[in-house]
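Results of the structural survey
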Amino acid sequence: GDSVTQMEGPVTLSEEAFLTINCTYTATGYPSLFWYVQYPGEGLQLLLKATKADDKGSNKGFEATYRKETTSFHLEKGSVQVSDSAVYFCALSEDSNYQLIWGAGTKLIIKP
Amino acid sequence: DAGVIQSPRHEVTEMGQEVTLRCKPISGHNSLFWYRQTMMRGLELLIYFNNNVPIDDSGMPEDRFSAKMPNASFSTLKIQPSEPRDSAVYFCASSLSGVQPQHFGDGTRLSIL
């Protein structure tokens, strides 16, 4: 079945460092890919998405590119801030399917 | 615009008691999801409603759990009787016709003593 694997955390970085959180997937079809973010004490919120190969999703300085050849959707940000500290979830959804297949989440800690 | 609203935000109760969690989806959204989040198991989909009808309840752990959606603007998740292993954060999410993205509430942190 479909699955999502993301790097284990916590990931600890200093402010202004470059961020990469790895996400790879297995899917039978042509899924849409998502990154959700969960700030402390809050629900998950969509950060960015990509619906087909080579699409790049971007939001709030974060980017991720849908790479079909490597089945990856790595999250990147050029310069992180303390306010980016949160848990980041990679997820996929097959076409027209309500189900989201979730990764385990990666906790990001940014130190000033 | 109001987001998904869940209540209560925190619930602490003793084992054996009935627990009722409430959710108001975003107006106009016709799909509603209940999730459970724990450190051990991550995010688990418990049940999915479309147009107030339960479509997929395969994630409901056991008969102690039940969910209802009497109308388009309200849903409940009930646990009776509650057990300590039910302690978790429970999220409600809604979307338009099951299509992504899902919009999450801030969750109910449930502690069963």
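Below is a short write-up of the structure. As the structure is a computational prediction, the values presented were derived from the model and not from experiment.

1. Here's the deal with the nonpolar core
Ranked by size, the top nonpolar core spans 26 residues in total, and within it Trp35, Leu47, Leu48, Phe73, Leu75 and Tyr88 of chain A carry the most contacts. Elements with a contribution of two residues or more to this core: β2 (11–14), β3 (19–21), β4 (23–26), β5 (32–38), β6 (44–50), β8 (62–65), β10 (86–93) and β12 (106–111) of chain A. At four residues, β10 of chain A tops the list of elements feeding residues into this core. With 21 residues, the next largest nonpolar core counts Val19, Leu21, Leu46 and Leu77 of chain B among its residues.

2. Quick word on the pattern of salt bridges
Residue and element names in this part refer to chain B. In this structure the tally under the stated criterion is 12 salt bridges over all chains. One salt bridge connects Glu18 with Lys78, and the closest N-O pair in it is separated by 3.9 Å. With Glu18 in the loop between β2 (10–13) and β3 (19–24) and Lys78 in strand β8 (residues 74–79), this pair connects stretches of sequence that are 60 residues apart. The exposure class of Glu18 is partly exposed, given its relative accessible area of 44%. Between Glu44 and Arg41 there is a salt bridge; the shortest N-O distance is 2.8 Å. With relative accessibility at 15%, the residue Glu44 sits in the buried group. In the salt-bridge network here, residues are joined through shared partners; they are Glu62, Arg64, Glu83, Arg85 and Asp86.

3. Details of the interface of chain B and chain A
Buried accessible area, meaning the area lost when the parts come together, often serves as the stated size of an interface. Contacts between the two partners involve 16 residues from chain B, matched on the other side by 15 residues from chain A. Both sides together, the interface formed by chain B and chain A hides about 1300 Å², and carbon and sulfur atoms give 57% of it. Contact with chain A buries area across many residues of chain B, yet Leu43, Gln100 and Phe104 of chain B alone supply 36% of it, more than any other trio. Scanning the region where chain B abuts chain A turns up zero salt bridges. Counting the contacts that link chain B with chain A gives seven residue pairs in polar contact (both at pLDDT 80 or more). Partitioned by chemical class, the residues of the side of chain B that touches chain A number eight nonpolar, five polar and three charged.

4. Topic: the sheet that holds β8 of chain A
Residue and element names in this part refer to chain A. What the four strands build is an open sheet, ordered β3-β9-β8-β7; its pairing is antiparallel. For this open sheet the edge positions go to β3 and β7 (56–59), each flanked by a neighbour on one side alone. Going from strand to strand, the sheet's axes swing by 20° on average, the running direction of each strand aside. Note that β8 and strand β9 (residues 75–77) share three bridges and pair antiparallel. Bridged to Ala64 within β9 is Leu75.

5. Re the state of the cysteines
For the structure on display, the rule yields two disulfides over all chains. At a sulfur-sulfur separation of 1.9 Å, the disulfide partner of Cys23 of chain A is Cys90 of chain A. One disulfide, between Cys23 of chain A and Cys90 of chain A, carries an S-S torsion of -70° and so falls in the left-handed class. Note that Cys23 of chain A is positioned in strand β4 and Cys90 of chain A in strand β10, a separation of 67 residues in sequence. You can call Cys90 of chain A buried: its relative accessible area is 1%. In this model Cys23 of chain B forms its disulfide with Cys92 of chain B; the gap between the sulfur atoms is 1.9 Å. An S-S torsion of about -65° defines the bridge between Cys23 of chain B and Cys92 of chain B as left-handed.

6. Digging into the packing of aromatic side chains
Tallying each qualifying case throughout the model produces 13 aromatic pairs over all chains. Note on Trp102 of chain A and Tyr35 of chain B: the rings are 6.1 Å apart at their centroids and 85° apart in plane angle, and the pair reads as edge-to-face. Remark: Tyr35 of chain B occurs in strand β4 (residues 31–38) and Trp102 of chain A occurs in strand β11 (residues 101–102); the pair is interchain, linking two chains. Trp102 of chain A sits in the buried class, given a relative accessible area of 12%. Relative accessible area serves as the criterion here: at 1%, Tyr35 of chain B is assigned to the buried category. Feature note: the residues Phe34, Tyr36, Phe89, Tyr98 and Trp102 of chain A together with Phe33, Tyr35, Tyr48, Phe91 and Phe104 of chain B constitute an aromatic cluster, connected by ring pairs.

Rules used throughout
- Residues numbered from 1 in each chain as written.
- Chains lettered and ligands numbered in written order.
- Predicted model: local features only at pLDDT ≥ 70, side-chain atom pairs only at ≥ 80, totals over all residues.
- Heavy atoms only, no water.
- Core = buried A, V, L, I, M, F, W, Y, C linked by side-chain atoms within 4.5 Å.
- Buried < 20%, exposed > 50% of the residue type's maximum accessible area, 1.4 Å probe, protein only.
- Helix = DSSP H or I, 4+ residues; strand = E, 2+ residues; numbered from the N terminus.
- Salt bridge = Lys/Arg side-chain N within 4 Å of Asp/Glu carboxyl O.
- Contact = heavy atoms within 4.5 Å.
- Buried area = accessible area lost by both parts, 1.4 Å probe.
- Polar contact = N/O pair within 3.5 Å; in protein donor to acceptor, adjacent residues only side chain to side chain.
- Nonpolar A, V, L, I, M, F, W, Y, C, P; charged D, E, K, R; others polar.
- Pairing = 2+ DSSP bridges.
- Axes fitted to C-alpha atoms, helices over the stretch in contact; angles between N-to-C directions.
- Disulfide = S-S within 2.5 Å.
- Phe/Tyr/Trp six-rings, centres within 6.5 Å; stacked < 30°, edge-to-face > 60°.

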